[in-house]
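One letter stands for each residue in the lines below.
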Amino acid sequence: MTECTTVSYDEAGDLRGDPTEIALVTGGGPDLPARLAARDDGRRAVFRFDARLRLMSTVALRDDHLAVYAKGAPEAVLSRCSGADRQAVMGVVDDLARRGLRVLAVADRDLPSGAGPPGRREDAETGLRLLGLVGLYDPPRPEVADAVRRCHGAGLRVHIVTGDNGATAAAVAAEVGIGVPRLRVVAEAEKIHDHELDELLTGDAEIVFARSSPETKLKVADALRAHGRIVAMTGDGANDAPALHQAHIGVAMGRSGTDVAREASTMVLTDDNFATIVTAVESGRRVYDNVRKFILYIFAHAVPEIVPFLVFALSGGLVPLPLTVLQILAIDLGTETLPALALGREPAEPGIMNRPPRPSSQGVISRDMLIRAWGYLGLVSAVLVMSVFFYVLWRAGWRPGDPTGAGAPLHHAYLTATTATFAGLVTCQIGTAMAARTDHASLRQVGLATNPLLLAGIAFEVLFAAALIYLPSFQHLFGTAALPADVLAIIAAFPVIVWAADEFRRYRRRARAVTPAPSAPPP
């Protein structure tokens, strides 16, 4: 059936065209270049594939007369054939389809001698003679089954909208795990009513929409959106463009897709691989999580930075200011910048593809995040830095209201105390950064050294803080003083305390998640 194809060679000498047609001409025998050249020389008319008719035909010279060649869905071809045992042929079609083969029927007819090519396809595609059936097997890529399994683990459903026979599509779906545990097959998707479509899509089964047209894809996308679902739709043809545009995420094929499909899509797959979509979902979740980690890290430091000023203000000056403005600027613009940026490069958290999709109404900043930032990490950090501040002052004999300004006996102790507050806040940042790396899993599951950029950022902030504390030029500018060994020992424990407090919170959260619900008492 080389005559009923539109395959051609490109500039590089490779076959270009529909993969199904490439398979047909490749399996049609030797001397393919000669056959394609003879096809082009003898061709007189082409009625291209119509997704609604599921059929294509050509008119070409055969010997001394013209002939019509047709191929398409067996039902479409048989309805235009005469003398064929439809029931027997469809029995063979069903048998091949159940084995996962895509089945095409091929037919022809001779035109009267001296007759020209028909001007309408209706006149050409009638009175055909069935030549036979072609079964094509396109094995799924090895990685597709695992990709489907990951979709199910992530709470995503995979539907198939195809022009193929329902049995073929169902066999392929079973091969890759679509429809586990339940699969519904709509044999004639074009004929489905809107209320039936709504009932199907609101169920818990994955669905094969067989013998579909491009309009069916659009109806499915519209129905899913109407029910509040986030829709990703794949396609490659120009007729798929409306459905790709209507879906939240249109996914076009980069290799086999048309320019129209690519322009209408949000995402283009350069490798035409379904597994790449799942990889993109995982990457999207990782980016979303990392944005939240960045915000959590920044928000958590608001509390220990504000509390010293509140203590100073609410005490009416009895307690000196525990943290100076320049020291806060050194924290906000110096020590916390690189770790915050490094959290944006955090690897995906374990189990990221085992979480259900978040509601579309959920924002990046949530109530749980604020509680964690301000009620756990921020509060623990504030208590720690204020504790070390008072520890340094009280050890020097300070009492509320004692003068600590320049020239006062306690001035050096005050400088040491504010420096301890500054250094304590920096070390609390380290604990916060380690805690912010995960929202669900433990740090042990993630691994301490899996984000080298974060480790480099922590090393930078420690060195930066040490320079501000111990270099004389910076001491005069930022009002710092060298810290004694006992204060350094206390501050060194702050990262572990901050991280451990949040790790305990996450441990309790994981324990509640796996605790089975109590069973109902027997009747």
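Residues numbered from 1 in each chain as written. Predicted model: local features only at pLDDT ≥ 70, side-chain atom pairs only at ≥ 80, totals over all residues. Heavy atoms only, no water.

Turning our eyes to something else, we now look at the pattern of salt bridges. Scanning all chains against the criterion turns up 28 salt bridges. With a shortest N-O distance of 2.3 Å, Arg149 and Asp146 are connected by a salt bridge. Here Arg149 and its partner Asp146 are both found in helix α6 (residues 144–153), three residues apart, which amounts to about one turn of the helix. Exposure remark for Asp146: the relative accessible area of 34% places this residue in the partly exposed category. Asp259 serves as the salt-bridge partner of Arg262, at 2.3 Å between the closest nitrogen and oxygen. One end of the pair, Arg262, and the other, Asp259, are both in helix α11 (residues 259–264), three residues apart, so they sit about a helical turn from each other. Of the residues examined, Asp259 reaches a relative accessible area of 55% and is grouped as exposed. The structure contains a network of salt bridges with shared partners spanning Asp368, Arg372, Asp439, Asp502, Glu503, Arg505, Arg506 and Arg509. (Salt bridge = Lys/Arg side-chain N within 4 Å of Asp/Glu carboxyl O. Helix = DSSP H or I, 4+ residues; strand = E, 2+ residues; numbered from the N terminus. Buried < 20%, exposed > 50% of the residue type's maximum accessible area, 1.4 Å probe, protein only.)

This part covers the packing of helix α16 (residues 367–395) against helix α17 (residues 411–436). The geometry of α16 relative to α17 is characterised by a closest axis approach of 8 Å and an angle of 155° between their N-to-C directions. Relative to α17, the element α16 is oriented roughly antiparallel. The two elements α16 and α17 cross, and the hand of that crossing is right-handed. Its residues placed into classes, the contact of α16 with α17 shows 15 nonpolar, six polar and one charged. (Axes fitted to C-alpha atoms, helices over the stretch in contact; angles between N-to-C directions. Parallel < 35°, antiparallel > 145°, perpendicular 65-115°, else oblique. Left-handed = near helix turned anticlockwise from the far one by under 90°. Nonpolar A, V, L, I, M, F, W, Y, C, P; charged D, E, K, R; others polar.)

Glancing now at the packing of aromatic side chains. Enumeration over the complete set of coordinates arrives at seven aromatic pairs. Ring centres 5.4 Å apart and planes at 65° place the aromatic pair Phe389 and Phe390 in the edge-to-face group. Phe390 shares its class with Phe389; the two are buried. On the basis of an interplanar angle of 20° and a centroid distance of 5.1 Å, the ring pair of Phe390 and Trp394 is categorised as stacked. Taken together, the positions of Phe390 and Trp394, both in helix α16 and four residues apart, correspond to about one turn of that helix. The class of Trp394 is partly exposed, set by a relative accessible area of 48%. Put simply, the rings of Phe389, Phe390, Trp394 and Trp398 touch in pairs and so form one group of aromatic residues. (Phe/Tyr/Trp six-rings, centres within 6.5 Å; stacked < 30°, edge-to-face > 60°.)

Before going further, it helps to examine the nonpolar core. A general trend in soluble globular proteins is that nonpolar side chains are found buried together. Judged by nonpolar contacts, the single largest core of 53 residues is most densely connected at Phe389, Ala420, Phe422, Leu483, Val487 and Ile491. Mapped onto this core, the elements with two or more residues apiece are α12 (274–300), α14 (325–335), α15 (337–343), α16, α17, α19 (452–470), α21 (485–492) and α22 (494–514). Among the elements that make up this core, the one with the highest residue count is α17 (14 residues). Aside from chain neighbours lying at most four places away, what touches Phe389 is Val319, Pro320, Leu321, Pro322, Tyr414, Ala417, Thr418 and Thr421. (Core = buried A, V, L, I, M, F, W, Y, C linked by side-chain atoms within 4.5 Å. Contact = heavy atoms within 4.5 Å.)

The next thing to look at is the sheet that holds strand β12 (residues 249–253). One open sheet accounts for three strands, arranged β11-β12-β13; its pairing is parallel. Across the chains shown, the open sheet's two edge strands, defined by having one partner strand only, are β11 (232–235) and β13 (267–269). The average undirected angle you get between the axes of adjacent strands in this sheet is 25°. Bridge analysis of β11 against β12 gives four bridges, and the strand direction is parallel. Residue pairing for β12: Thr234 is matched across the bridge by Val251. Against the sheet, α12 makes contact with β11, β12 and β13, and its axis sits at roughly 135° relative to β13, the strand it touches most. (Pairing = 2+ DSSP bridges.)

Along its 13 residues, helix α13 (residues 302–314) runs 18 Å from first to last C-alpha, staying within 8% of the 18 Å computed at 1.5 Å per residue. Every buried residue of α13 is accounted for by Val303, Pro304, Glu305 and Pro308. Turning to α13, the residues buried within the fold contact α12, α14, α16 and α17. One or two steps after α13, the chain reaches Gly316, where phi turns positive at roughly 65°. (Expected span 1.5 Å × (residues − 1).)

As a further point, take unusual backbone geometry. Residue Pro181 follows Val180 across a cis peptide bond; omega there is 10°. Structurally, Pro181 can be placed in the loop between α7 (166–176) and β9 (183–186). In this model, Arg54 sits at a positive phi of 55°, which is unusual for a non-glycine residue. One non-glycine residue, Asp272, lies in the positive phi region at around 55°. You can see Asp272 is positioned in the loop between β13 and α12. For Asp272, a relative accessible area of 18% translates into the label buried.

Another aspect to go through is the sheet that holds β9. Spatially, three strands are ordered β8-β10-β9 in an open sheet, and the strand pairing comes out parallel. Both edges of this open sheet fall to β8 (160–161) and β9, since each of them pairs with a single strand only. In this structure, β9 lies alongside strand β10 (residues 206–209), joined through four bridges in parallel fashion. Within β10, the position partnered with Val185 by the bridge is Val208. Its contacts with the sheet put α7 on β8, β9 and β10, and the angle it makes with β9 is roughly 160°.

Bear in mind that shape data such as this cannot, by itself, settle questions of function.
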